[in-house]
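Report on the structure
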Amino acid sequence: GSTLQAAASESGRYFGTAIAANRLSDSTYATIANREFTMITAENEMKMDATEPSQNQFSYGNADRIVNWARSNGKQVRGHALAWHSQQPGWMQNMSGTSLRNAMLNHVTQVATYYRGKIHTWDVVNEAFADGSSGGRRDSNLQRTGNDWIEAAFRAARAADPGAKLCYNDYNTDNWSHAKTQGVYSMVRDFKSRGVPIDCVGFQAHFNSGNPVPSNYDTTLRNFAALGVDVQITELDIEGSGSSQAQQYQGVVQACLSVARCTGITVWGVRDSDSWRASGTPLLFDGSGNKKAAYTSVLNQL
Ligand code: XIL
């Protein structure tokens, strides 16, 4: 294949990117995005603060811009994200207890219902595990409503859109020997054993020199897949430049391709200048839209 999406599809996988609604009017950006990618994640527009700015008043303008652009160009959409401790609307941030639990479930139900039939995969819950060595849950207002909040969110999402794949998504879960990875693994194993509706696990894959691509990435992906879920790389970016960056990208692609149930890879933005990493160059296209060495290594590896 001569594009990322064409090359990925040769093994039945997808290649995706995060899209910002306000960049779609930039023709260089839109041209690259349309040419190279086939799975689209809204970078911010489907998060809780964007879709429910006032309690029970839903706002889908920017999210719809992205969903409509994707669908009209024949692409699929990864919904991101229904429940998360971060980017909550102000009204939710200080809520607790039963009222927060119900507000969260209402949000999951309303948003998943609104988009029913249009979302390939939902990130139902994002970043619920703690960093460090505990392997346990992250403290958050949602976690304080009870440890079962995650499965409650998954059940609500399944009821609202039975056709969407439902994913748990997190970062720093790439290295098999990390406690956080083991914590998420235990949760997924438990969910599968009890019939909690979970279909996939997303690995954000934000890498830098302090958090490099682990050499056991394929082991991690394979072990999760063996639980009976699909796995995806969902927010890939790698700090650096030149051949060292290209080599690390290649390692991620290689790990995914070595696992049958690793169904796709999404990079977190189009050009370096679009990245959330303000000062870095972590993506596959430079600020002018030129293909970087990392692009070529990914394309050749796919
Ligand atoms: C980031 C966006 O890229 C930024 O524009 C925003 O300011 C903050 O969120 N993990 C996630 C993504 O799941 O939603 C985050 O996106 C990056 C880390």
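On a predicted model such as this, the values are computed, not experimentally measured, just so you know. (Residues numbered from 1 in each chain as written. Predicted model: local features only at pLDDT ≥ 70, side-chain atom pairs only at ≥ 80, totals over all residues. Heavy atoms only, no water.)

Moving on, we come to the packing of helix 6 (residues 97-114) against helix 7 (residues 149-160). Here helix 6 crosses helix 7 at 30°, and the two axes come no closer than 8 Å. Accordingly, the angle class assigned to the pair helix 6 and helix 7 is roughly parallel. The two elements helix 6 and helix 7 cross, and the hand of that crossing is right-handed. The segment helix 6 lies against helix 7, with R101, M104, L105, V108, T109, A112 and T113 engaging W149, A152, A153, A156, A157 and A160. (Axes fitted to C-alpha atoms, helices over the stretch in contact; angles between N-to-C directions. Helix = DSSP H or I, 4+ residues; strand = E, 2+ residues; numbered from the N terminus. Parallel < 35°, antiparallel > 145°, perpendicular 65-115°, else oblique. Left-handed = near helix turned anticlockwise from the far one by under 90°. Contact = heavy atoms within 4.5 Å.)

Another aspect to go through is the UniProt feature "active site" (unreviewed entry) in the protein chain. Taking the numbering used here, the UniProt-annotated feature "active site" (unreviewed entry) corresponds to E235. Relative to the elements of secondary structure, E235 occurs in strand 8 (residues 230-238). Accessibility expressed as a relative area gives 5% for E235, which makes it buried. Apart from residues lying up to four places away in sequence, E235 is in contact with H80, N169, F203, Q204, A205, H206, T266 and W268. A distance of 2.7 Å separates a polar atom in the side chain of E235 from a polar atom in the side chain of H206. (UniProt positions renumbered as here; feature names shortened; annotations may be inferred. Buried < 20%, exposed > 50% of the residue type's maximum accessible area, 1.4 Å probe, protein only. Polar contact = N/O pair within 3.5 Å; in protein donor to acceptor, adjacent residues only side chain to side chain.)

Turning our eyes to something else, we now look at the site of the ligand. Surrounding the ligand, one finds 13 residues, the nearest of these being E43, K47, H80, N126 and E235. Measuring from an oxygen atom of the ligand, one finds a side-chain N or O atom of N126 at 2.9 Å. Its free accessible area being 420 Å², the ligand has 78% of it covered by the protein chains. When atom positions are compared with the pocket grids, the ligand is found to occupy the largest pocket. In the shell around the ligand, the residues fall into three nonpolar, six polar and four charged. (Near = heavy atom within 4 Å. Areas by Shrake-Rupley, 256 points an atom, 1.4 Å probe, with all protein chains shown as cover. 1 Å grid on protein atoms, 1.4 Å probe; cavity = no way out; pocket = protein on both sides within 12 Å on 5 of 7 lines; lining within 4 Å. Sits in = over half its atoms within 2 Å of the grid points. Nonpolar A, V, L, I, M, F, W, Y, C, P; charged D, E, K, R; others polar.)

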